[in-house]
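Here are the chains, one letter per residue:
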Amino acid sequence: MEIRITRTRNPKKKPDENSLVFGHDFTDHMFIMNYTQGEGWHDPRVEPYGPLQLDPSTMVFHYAQETFEGLKAYKTDSGDIQLFRAKDNAARLNQSNERMCIPTLDEEDVIQAIATLVKVDQDWIPKAEGTSLYIRPFVIATDPFVGVKASSTYLFMIILSPVGAYYKEGISPVKIYVEDKYVRAVPGGIGFAKTGGNYAASLMAQVEAGKKGYSQVLWLDGIERKYVEEVGTSNVFCRVGNKIYTPPLQGSILSGITRDSAIKLLRSWDIEVIEERFTIEQLFEWHRKGELQEVFATGTAAVISPIGALSWQDNEITINNNEIGQLSQRLYNSITKIQNGQLEDSFSWITSI
Ligand SMILES: *Cc1c(COP(=O)(O)O)cnc(C)c1O
């Protein structure tokens, strides 16, 4: 793929690396490519970052036919630039595209587009401990048409945002509300796709949990409201004795790449990981018996988020004295060190660009 590059004449002032706010600052350039029925994906280009001009009837505004991804680029101590598991993100983007009736992209082209844009804006990759360049690819339906159908035109775009360490004063556990009124996903729905509608549908639960003093919700399954599924926009793990439980991918759960990295690392350390459904009652039972040692969530933004407290139907439990658990910390250290080049990439997760 031949990517045309137009550089900005007005580079922006870069934000202070030590006070980056997640998703707040964007770099000087963006990637953009069009799809038209008949012609396919065409005209890949890097342009100065800026607003789009779209007709008010543009389909994505009305019916939310869109998909997105999230991954990160890191600069190593020796100055190399590396992407973490970019091939997996490109593959997942296509899984989401298929579910949303969006034409798939060539996965090598997606990686080439990411690599080209990151190189153009490489001075934006922060170097301070725990920082990285967040990469947000997305696809939107662009037919100017008010009516429910699959669009015949699309834009694939990538924007970049320098981000800081998610936890400024070290990793601190979060308080989670077990949601038993609203649901996130149901079998046959779109829970496994990274698409905007899932997040719009989750806001009410998040707002209500916030008012009660919780930072996120734990989602139960959409049918019986008893099986543990996800935490906010992250996958969830429980350590019971020396075994790790995590819900299996059965269509309603997003197939997290950090989830997969955690499972592969844990198994490489000879720790048993059980991908089986478990109920919230079972989780509270493990706690009652003193077997619940750690609960943590995984996702690209924070990598590992320890959960210090869980509230379900007016019962609140504290987990591991509201401190980060030993395995949560070990996973966090290993994943972030592979990402920034301080630990050998023995799983071939890194693409050097
Ligand atoms: C993105 C996301 C995750 C985490 O996926 P990663 O690839 O680890 O970042 C988990 N759940 C939901 C709902 C998500 O959107």
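Residues numbered from 1 in each chain as written. Predicted model: local features only at pLDDT ≥ 70, side-chain atom pairs only at ≥ 80, totals over all residues. Heavy atoms only, no water.

S.K.: Hey, could you go over helix α5 (residues 257-268) for me, with residue numbers and the actual values?
M.R.: Here α5 contains 12 residues, and its C-alpha end-to-end distance of 16 Å stays within 8% of the 16 Å for a straight helix at 1.5 Å per residue. Along α5, the positions that sit buried rather than exposed are Ile257, Thr258, Arg259, Ser261, Ala262, Ile263, Leu265 and Leu266. Following α5 by one or two positions, aspartate 270 adopts a phi angle in the positive range, close to 65°. (Helix = DSSP H or I, 4+ residues; strand = E, 2+ residues; numbered from the N terminus. Expected span 1.5 Å × (residues − 1). Buried < 20%, exposed > 50% of the residue type's maximum accessible area, 1.4 Å probe, protein only.)

S.K.: Talk me through the site of the ligand; I want residue IDs and the actual numbers.
M.R.: Lining the immediate surroundings of the ligand are 14 residues, of which Lys194, Tyr199, Glu230, Thr258 and Thr300 lie closest. Note that an oxygen atom of the ligand is positioned 2.3 Å from one of the side-chain N or O atoms of tyrosine 199. Measuring from a nitrogen atom of the ligand, one finds a backbone N or O atom of threonine 233 at 3.4 Å. Isolated, the ligand exposes 380 Å² of accessible area, and the fraction of that covered by the protein chains is 96%. A class-by-class count of the residues in the shell around the ligand yields three nonpolar, seven polar and four charged. (Near = heavy atom within 4 Å. Polar contact = N/O pair within 3.5 Å; in protein donor to acceptor, adjacent residues only side chain to side chain. Areas by Shrake-Rupley, 256 points an atom, 1.4 Å probe, with all protein chains shown as cover. Nonpolar A, V, L, I, M, F, W, Y, C, P; charged D, E, K, R; others polar.)

S.K.: For the pattern of salt bridges, give the residues involved together with the corresponding values.
M.R.: Counting across every chain of the model gives 16 salt bridges. The closest approach of N and O atoms between arginine 92 and glutamate 69, which form a salt bridge, is 2.8 Å. Placement of the pair is arginine 92 in helix α2 (residues 86-99) and glutamate 69 in the loop between β4 (66-68) and β5 (71-75), with a sequence separation of 23 residues. No difference in accessibility class separates arginine 92 from glutamate 69, as the two residues are buried. (Salt bridge = Lys/Arg side-chain N within 4 Å of Asp/Glu carboxyl O.)

S.K.: Just give me the short version of the pairing of strand β16 (residues 303-312), but keep the residues and values in it.
M.R.: Most of β16 is tucked away: 10 of the 10 residues are buried. Of the strand pairs in this sheet, strand β9 (residues 174-179) and β16 are connected by four bridges, and their pairing is parallel. If you follow tyrosine 177 over to β16, its bridge partner there is serine 311. Alignment of strand β15 (residues 292-299) against β16, held across four bridges, turns out to be antiparallel. Looking across to β16, one finds that glycine 299 is bridged to valine 303. Counting the residues between successive antiparallel strands, the hairpin from β15 to β16 contains three residues. Bridging between β16 and strand β17 (residues 315-318) involves four bridges; their strand directions are antiparallel. Considered in β17, the bridge of alanine 309 is made with threonine 318. (Pairing = 2+ DSSP bridges.)

S.K.: Kindly report on the side chain of serine 132, identifying the contributing residues and their values.
M.R.: Tracing the chain through its elements places serine 132 in strand β7 (residues 132-141). Using a relative accessible area of 1% as the deciding quantity, one classes serine 132 as buried.

S.K.: Outline the side chain of serine 334, supporting the account with residue identities and numerical values.
M.R.: By the secondary structure assignment, serine 334 is in helix α7 (residues 326-339). In this structure serine 334 touches Leu265, Trp269 and Leu343, once residues within four positions along its chain are discounted. (Contact = heavy atoms within 4.5 Å.)

S.K.: So what about the domain arrangement of the protein? Which residues, and what values?
M.R.: The domain boundaries assigned to the protein delineate domain 1 (4-164) and domain 2 (174-339). With 21 residues of domain 1 at the contact, the number on the domain 2 side is 21 residues. Between domain 1 and domain 2 the total buried area reaches about 1,800 Å² when both faces are included, carbon and sulfur atoms providing 58% of it. The interface formed by domain 1 and domain 2 contains one salt bridge. (Domains from an automatic or database assignment. Buried area = accessible area lost by both parts, 1.4 Å probe.)

S.K.: Give me the lowdown on the UniProt feature "modified residue: N6-(pyridoxal phosphate)lysine" (unreviewed entry) in the protein, citing residues and values where you can.
M.R.: When the UniProt feature table is mapped onto this chain numbering, "modified residue: N6-(pyridoxal phosphate)lysine" (unreviewed entry) sits at Lys194. Positionally, lysine 194 belongs in the loop between β9 and α4 (196-211). Setting aside residues no more than four positions away along its own chain, lysine 194 makes contact with Glu66, Thr67, Phe68, Glu69, Gly70, Arg92, Ser96, Tyr199 and Leu254. (UniProt positions renumbered as here; feature names shortened; annotations may be inferred.)

S.K.: Please set out the packing of α2 against helix α3 (residues 107-120) residue by residue, giving values where relevant.
M.R.: What describes two packed helices is the angle between their axes and the distance between those same axes. Across the interface, α2 lies against α3 with an axial gap of 9 Å and an inter-helix angle of 125°. By the angle class used here, α2 and α3 are oblique. Relative to α3, the crossing made by α2 is right-handed. Along its contact with α2, which presents Ala86, Lys87, Ala90, Ala91 and Asn94, the element α3 presents Glu107, Val110 and Ile111. Split by residue class, the contact of α2 with α3 holds five nonpolar, one polar and two charged. (Axes fitted to C-alpha atoms, helices over the stretch in contact; angles between N-to-C directions. Parallel < 35°, antiparallel > 145°, perpendicular 65-115°, else oblique. Left-handed = near helix turned anticlockwise from the far one by under 90°.)

S.K.: So what's going on with the packing of aromatic side chains? Residues and values would help.
M.R.: Given two aromatic rings, one states the distance between the centres and the angle between the planes to describe the pair. Under the definition given, this model contains 15 aromatic pairs. With 5.7 Å between their ring centres and 65° between their planes, phenylalanine 31 and phenylalanine 156 make a pair best called edge-to-face. You can see phenylalanine 31 sitting in strand β2 (residues 29-36) and its partner phenylalanine 156 sitting in strand β8 (residues 153-163), a full 125 residues away along the chain. This pair shows no difference in class: phenylalanine 31 is buried, exactly as phenylalanine 156 is. When the centroid spacing of 4.7 Å and the interplanar angle of 35° are considered together, the rings of tyrosine 245 and tryptophan 286 count as tilted. (Phe/Tyr/Trp six-rings, centres within 6.5 Å; stacked < 30°, edge-to-face > 60°.)

S.K.: An account of the packing of α5 against α7 is needed here, citing residue identities and associated values.
M.R.: In contact at an axis separation of 11 Å, α5 and α7 are set at 110° when each is read in the N-to-C sense. Considering the angle they form, α5 stands roughly perpendicular to α7. Across the interface between the two elements, Thr258, Ser261, Ala262, Leu265 and Leu266 from α5 touch Leu327, Leu331, Ser334, Ile335 and Ile338 from α7. When its residues are assigned to classes, the contact of α5 with α7 shows seven nonpolar, three polar and no charged.

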